[in-house]
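Understanding the architecture of this molecule
Spelled out from the first residue to the last, the chains are:
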Amino acid sequence: MALREGSRRVQLLFRLRHLPQFSRFVGVRSVSENVSSKSSAPETADDHLIYTPEHFALKEALRKIIDQEINPFVDQWEADGIFPAHKIFKILGNAGFLGVNKPVEYGGLGLDFSYSVAVAEELGNIRCGGIPMAIGVQTDMTTPALARFGSDELKKEFLFPSVMGDKVACLGVSEVGAGSDVSSIKTKAVRKGDEYVINGGKMWTTNGTQADWMCLLANTSDGPPHRNKSLICLPMNLPGVHVARKIDKMGMWSSDTAEVFFDNVHVPCKNVIGEEGMGFTYQMLQFQEERLWAVANILTTMENIIQETIQYTRQRKIFKLPVLYHQTVHFRLAELQTEVELLRSLLYRATALYIKGNDVTKLASMAKLKGGRLARELSDSCLQFWGGMGFTSDVLVSRFYRDSRLLSIGAGADEVMLGIICKYMDTLPKK
């Protein structure tokens, strides 16, 4: 791999260490009493399948930010139902974490997608699911198509400030009647001269109440549903954009989620990302990175939940024995750890193929399917071993139980993942 060449490594480390604020966070990771710092994953580049010393330098610096700037405040942000996105994104942007695989000329580090996976893994050490999800929306859900297909003018106006943390982005795809079935969206953008006039609405919009702009998927013609859609960069302060409400959710409490309406919103036609009518295709490409990112993120959290459950069940006694010593408990934890490692291997395989330019739609769908199901299984099993304490809001396992349920729904439900996998297996009924 080219990244293992000595000159490339030196250049990268120099770039990392001279980023604004990056030097604040590079160094020996402070020893934490929190068990979440433990992991059975390889800790050195020599042992890792796809990571180099640069990946680990990036992860180490990010962990410093998480420990200093995020985790001390998570409980309060969870209670508030929102976190200060502009403040946190600016810290992350200054340190280079909002654009690790984005072009250097637009503020990014210009690295491959494996670095985004490394960042997603490290963000799993945040003590909730909402904040990592909000960050992932910014880095790997709203901006991949813009970085790949957008004009230079659009990249300067929307990508650069998003990478730097000066603007918060949201993704406008899902609607009340069109969630996983993206082709059924109803929001329309009608061309009038050199503008589009947009009417409709978007639902379950992460970052929606704080966003400065939206990557909007809208119908720009009356053609076939897979060829009539476009992605549009939509400033959220335009007349006619209405954030109707902040949605109360089962989990992901610290992440604001909005319902947004558009009433005759005028947007320049030049705000279309790439070609008009290619929005559905671009969005499907964005979904692949989003799904791999989500799996990488939740793997770390699942690892932490297992480790914290081991620690708790070793201390807690039942019938004069530690809960952990009962065979049904330690055998179950062994099964879960095995499943986590299998999912990790699938993720790394998909990532390695993706950065070489391969289509990983099937593998990404498999990883997303397995990640969502394993998160539900793992959170339920581990919560059970915590007993009454697990039913309180005082421990990470109960928060994970609420937050992780979204993975089987968002970015394509489990059933949609199964349909995609079957399509690649050629087992779907013939029409």
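Residues numbered from 1 in each chain as written. Predicted model: local features only at pLDDT ≥ 70, side-chain atom pairs only at ≥ 80, totals over all residues. Heavy atoms only, no water.

Right, let's talk about the pairing of strand E7 (residues 257-268) for a bit. Relative to E7, strand E3 (residues 195-206) runs antiparallel, the two being bridged by nine bridges. Its bridge partner lying in E7, Lys202 is registered against Val260. Across five bridges, the pairing between strand E6 (residues 241-246) and E7 is antiparallel. Each residue of the ladder has a partner; that of Val243, found in E7, is Val260. (Pairing = 2+ DSSP bridges. Helix = DSSP H or I, 4+ residues; strand = E, 2+ residues; numbered from the N terminus.)

Before going further, it helps to spend a moment on the environment of Val100. Tracing the backbone shows Val100 in the loop between helix H5 (85-94) and helix H6 (113-123). Judged by its relative accessible area of 3%, Val100 falls in the buried class. Between the alpha carbons of Val100 and Lys59 there is a distance of 12 Å; along the sequence they are 41 residues apart. (Buried < 20%, exposed > 50% of the residue type's maximum accessible area, 1.4 Å probe, protein only.)

Looking now at unusual backbone geometry. Most peptide bonds are trans, and most residues other than glycine sit at a negative phi. Here Met252, not a glycine, exhibits a phi torsion of approximately 55°, which is positive. Topologically, Met252 is positioned in the loop between E6 and E7. Of note, Asn264 is a non-glycine position whose phi angle comes to about 55°, a positive value. Turning to its location among the elements, Asn264 is positioned in strand E7. Look at Asn264 and you get partly exposed, because its relative accessible area is 43%.

By the assigned domains, the chain splits into domain 1 (49-168), domain 2 (170-277) and domain 3 (280-424). Taken together, the contact pairs 30 residues of domain 1 with 24 residues of domain 2. Interface of domain 1 and domain 2: buried area, both sides summed, is about 2300 Å²; carbon and sulfur atoms make up 63% of it. Contact with domain 2 buries area across many residues of domain 1, yet Thr142, Phe158 and Val168 alone supply 23% of it, more than any other trio. Joining domain 1 to domain 2, the criterion identifies one salt bridge. Among the secondary structure elements, those contributing two or more residues to the side of domain 1 that touches domain 2 are helix H4 (74-80), H5, helix H7 (130-140), helix H8 (144-149) and helix H9 (152-164). With five residues, the single largest contributor to the side of domain 1 that touches domain 2 is H7. (Domains from an automatic or database assignment. Contact = heavy atoms within 4.5 Å. Buried area = accessible area lost by both parts, 1.4 Å probe. Salt bridge = Lys/Arg side-chain N within 4 Å of Asp/Glu carboxyl O.)

Within the UniProt annotation, "domain: Acyl-CoA dehydrogenase/oxidase C-terminal" (unreviewed entry) is assigned to residues 277-423. Between the first and last C-alpha atoms of residues 277-423 the distance is 24 Å; the span itself is 74% helix and 3% strand. (UniProt positions renumbered as here; feature names shortened; annotations may be inferred.)

A few words on the packing of helix H10 (residues 279-315) against helix H13 (residues 396-403). Two elements in contact, H10 and H13, have axes separated by 10 Å at closest approach and are oriented at 145°. The interaxial crossing formed by H10 with H13 has left-handed handedness. Contacts between H10 and H13 involve Ile298, Thr301, Met302, Ile305 and Glu308 from the former and Leu396, Val397 and Phe400 from the latter. Taken together, the residues of the contact of H10 with H13 sort by class into six nonpolar, one polar and one charged. (Axes fitted to C-alpha atoms, helices over the stretch in contact; angles between N-to-C directions. Left-handed = near helix turned anticlockwise from the far one by under 90°. Nonpolar A, V, L, I, M, F, W, Y, C, P; charged D, E, K, R; others polar.)

Geometrically, a pair of aromatic rings is defined through the distance of the ring centres and the angle of the planes. With the rule as written, the count across this model stands at nine aromatic pairs. Note on Tyr51 and Phe56: the rings are 6.0 Å apart at their centroids and 80° apart in plane angle, and the pair reads as edge-to-face. Per residue, the accessibility class of Tyr51 equals that of Phe56, and both read buried. The ring of Phe73 has Lys87 lying over it, and the distance from NZ or CZ to the ring centre is 6.0 Å. Lying over the aromatic face of Trp253, Arg402 brings its terminal NZ or CZ to 3.8 Å of the ring centre. (Phe/Tyr/Trp six-rings, centres within 6.5 Å; stacked < 30°, edge-to-face > 60°. Lys NZ or Arg CZ within 6 Å of the ring centre and 35° of its normal.)

Right, let's get into helix H3 (residues 53-70). A rise of 1.5 Å per residue sets the reference length of H3, with its 18 residues, at 26 Å; its end C-alpha atoms lie 25 Å apart and thus fit the reference within 8%. Summarising burial for H3: 14 of the 18 residues are buried, a large majority. (Expected span 1.5 Å × (residues − 1).)

Another point: the nonpolar core. Note that soluble globular proteins tend to have their nonpolar side chains buried in a common cluster. Ile198 and Met302 are the most contacted members of the largest nonpolar core, which totals 119 residues. A total of 14 residues in this core trace back to one element, the largest contributor, which is H10. Contact partners of Met302, with chain neighbours within four places excluded, come to Val340, Leu343, Leu374, Ala375, Leu378 and Phe400. (Core = buried A, V, L, I, M, F, W, Y, C linked by side-chain atoms within 4.5 Å.)

Time to look at the confidence of the model for the chain. Chain-level pLDDT for the chain is 91 on average; 90% of the residues reach the 70-or-more range. Predicted confidence for residues 1-11 stays below pLDDT 50, and this span has 18 contacts to residues more than four positions away or in other chains. Below pLDDT 50 for its whole length, residues 26-41 participates in 31 contacts with residues either more than four positions away or in separate chains. (pLDDT = per-residue confidence, 0-100.)

Now for the pattern of salt bridges. A complete count under the given rule lists 23 salt bridges for this structure. Salt-bridge contacts for Asp75 lead to Arg399; the nearest nitrogen and oxygen are separated by 3.0 Å. Of the two residues, Asp75 is situated in helix H4 and Arg399 in helix H13; the sequence distance between them amounts to 324 residues. Look at Arg399 and you get buried, because its relative accessible area is 10%. Note that Asp152 is salt-bridged to Lys156, the shortest N-O span being 3.1 Å. On the criterion of helical spacing, the pair formed by Asp152 and Lys156 is a turn pair, its members being four residues apart in helix H9. One salt-bridge network, in which partners are shared between bridges, spans Lys59, Arg63, Asp67, Glu121 and Glu122.

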